[in-house]
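Descriptive structure summary
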Amino acid sequence: MTPRHLPRRTFLRGMGVAIGLPWLDAMVPAFAAKAPALADSPTRLAFVYVPNGIIMSDWTPAGEGADFELPSILQPLRDYRDDCLWLSGLTHNNGRALGDGPGDHARAAASYLTGVHPRKTQGADIRNGISVDQIAAQAVGGRTRFASLELGLEHTRLVGNCDSGYSCAYNNSISWRSPTSPMPPEVSPRSIFNRLFGSPRDAKTSQTGPKDRASILDLVQDEARSLSNRLGPVDRRKLDEYLFAVRDIEKRIESLENAPAGRVPDMEIPEGIPIDFAEHLRLLFDLQTVAFRTDLTRITTLMVGREGSNRTYREIGVSNAHHGLTHHQGNQSKIEQIIRINRYHTQQFAYWLGQLKSIPDGDGSLLDNLMIVYGSGLSDGNEHLHHDLPVMIAGRGSGSLHPGRHIRYPEETPLTNLYMTLLSHMGIHPESIGDSNGQLKLLSEI
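Attention in this report is confined to the structure presented alongside it. (Residues numbered from 1 in each chain as written. Predicted model: local features only at pLDDT ≥ 70, side-chain atom pairs only at ≥ 80, totals over all residues. Heavy atoms only, no water.)

What follows is about the overall build of the protein chain. A count of helices and strands for the protein chain gives 12 helices and 15 strands. Expressed as a percentage of contacts within the protein chain between residues at least 6 apart in sequence, the contacts between residues at least 24 apart total 71%. As displayed, the protein chain offers around 18,000 Å² of accessible surface, 48% of which is attributable to carbon and sulfur atoms. (Helix = DSSP H or I, 4+ residues; strand = E, 2+ residues; numbered from the N terminus. Contact = heavy atoms within 4.5 Å. Areas by Shrake-Rupley, 256 points an atom, 1.4 Å probe, with all protein chains shown as cover.)

Structure below.
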């Protein structure tokens, strides 16, 4: 009656690879009360940034509290209505010009997680602030293999002028390790996969192309088989499902790499980046899921597009560039195309929420132990407004959040107050973040 205790930080190891394990019942010490299981299911924090603002009339829920209706952009999230909070009235004052003139897109991205007004320069003397994700990473990153992950869908550059005299570093990065050190997002699913698990480096791999590349699971199969034989039936099923998920991601990446040349992409895409937007985004969502599931990291950021993105979305009938459409000047046809883009983004986000909600974690699901902030640094992209921003939080923060509501705060409430509150739910208490002046109330109330 003394079941063998499996350390939480157990890895399956092979030649050049290490695969972390998801939460298993065997990781609870024998005869332990149920509470330690929850204690070992950490709270994770993620940010999903969409560029160019959102059509707010089709984003903002009608009604407040638990009595509200989802507008058209949010309809893809109807199955997760009770897993999300929608917050209105939050502002980034430091995204405004404040005497610096044009450059709202650069300021929107730069201030989004920092709450700081970036220095207007296109040279090397950039200056911003430390972003909330990196404050969290500095506090809890030492407990995981990776302090944080920064992901994106569009190739970025950090030098040159990208918006009215603002450095490209501002448009292309929402994560900042220090006021002068942006964290550029990684866009290649293969590079992210290899970073998480290592890269097979046997002779076969080095002498042949991607079609003959060994599966990462081939290198750990002996350890996986040995471990499975020592687990109970429930844990064996969890392990099989997890390894299947890892292999599925790997196969999808390989399929994209081996696919014949298709249509010419509508934007510059480096080699190895999926042309299909939805497939690319879902791969990045799935890679984050695996990283959270195995506690490789607890902090991630994802830029669905760089600020000012001119991506087109022909797959949903939008052939015009996203950024250009946002300068619609009231043109209803352009507004309808932007709504279609905004809704397409939330459709992909709904896919991720479904994945997270289906994965057991502690006494709940992976989504229950997450706090995901989804939004943009602009509300109205036509007028470049930085107030009443689109803000949605998915997950329950390990019980610290009470979702299923729309909360409206007083005008000009700093968005950074939300970040102060979320960090406090992780046991992190900075003196301030950017222009914060307190914490938000009502997030936890029933």
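Past the structure itself, the notes keep going.
Side chains bearing opposite charge may pair, as long as their charged atoms lie close to each other. For the coordinates displayed, the defined rule picks out 18 salt bridges. D82 is the salt-bridge partner of R81, the closest N and O atoms lying 3.4 Å from each other. Take D82: its relative accessible area is 48%, and that puts it in the partly exposed class. Note that E154 and R311 form a salt bridge whose closest N and O atoms lie 3.6 Å from each other. Residue E154 is found in the loop between β5 (149-152) and β6 (161-163), and its partner R311 is found in the loop between β10 (299-303) and α10 (322-326); the two are separated by 157 residues along the sequence. By relative accessible area, E154 is classed as buried at 4%. One connected set of salt bridges, linked through shared partners, spans D83, K357, D368 and R396. (Salt bridge = Lys/Arg side-chain N within 4 Å of Asp/Glu carboxyl O. Buried < 20%, exposed > 50% of the residue type's maximum accessible area, 1.4 Å probe, protein only.)

Right, let's talk about the packing of helix α7 (residues 221-230) against helix α8 (residues 233-258) for a bit. When two helices pack together, their arrangement is given by the angle between their axes and by how far apart the axes lie. Between α7 and α8, whose axes approach to 9 Å, the crossing angle comes to 155°. Taken together, α7 and α8 sit at an angle that is classed as roughly antiparallel. In contact with A224, L227 and S228 of α7, α8 contributes R236, L239 and L243. Across the contact of α7 with α8, the residue classes tally to 4 nonpolar, 1 polar and 1 charged. (Axes fitted to C-alpha atoms, helices over the stretch in contact; angles between N-to-C directions. Parallel < 35°, antiparallel > 145°, perpendicular 65-115°, else oblique. Nonpolar A, V, L, I, M, F, W, Y, C, P; charged D, E, K, R; others polar.)

A positive phi angle, close to 55°, is found at H384, a residue other than glycine. As for its placement among the helices and strands, H384 is situated in the loop between β13 (370-375) and β14 (391-394). Despite not being glycine, E412 has its phi angle at roughly 70°, a positive value. Topologically, E412 is positioned in strand β15 (residues 405-414).

We now examine the packing of aromatic side chains. Under the counting rule described, the total for this entry stands at 14 aromatic pairs. Summarising the aromatic geometry, the rings of Y49 and Y112 are spaced 4.8 Å apart at their centres and angled 70° between planes, so their arrangement reads as edge-to-face. In this pair, Y49 sits in strand β3 (residues 44-49) while Y112 sits in helix α2 (residues 104-112), placing the two residues 63 residues apart along the sequence. In this structure Y49 comes out as buried when scored by relative accessible area, which is 0%. You can call Y112 buried: its relative accessible area is 1%. One aromatic cluster is present, formed by W59, F285, F349, W352 and Y374 through successive ring pairs. Cation over ring: R81 sits above F68, and NZ or CZ is 3.9 Å from the ring centre. (Phe/Tyr/Trp six-rings, centres within 6.5 Å; stacked < 30°, edge-to-face > 60°. Lys NZ or Arg CZ within 6 Å of the ring centre and 35° of its normal.)

When the terminal C-alpha atoms of helix α9 (residues 277-293) are compared, their 24 Å separation across 17 residues agrees well with the 24 Å that a helix rising 1.5 Å per residue should span. Here α9 lies mainly inside the structure; 15 of its 17 residues are buried. With a side-chain oxygen positioned 3.3 Å from the backbone nitrogen of A278, the residue opening α9 is D276. (Expected span 1.5 Å × (residues − 1). Polar contact = N/O pair within 3.5 Å; in protein donor to acceptor, adjacent residues only side chain to side chain.)

If you trace the backbone, T300 turns up in strand β10. At a separation of 2.7 Å, a polar atom in the side chain of T300 contacts the side chain of Q288. Non-local contacts of T300, meaning those with residues more than four positions away in its chain, are made with L45, A46, F47, L149, Q288 and F292.

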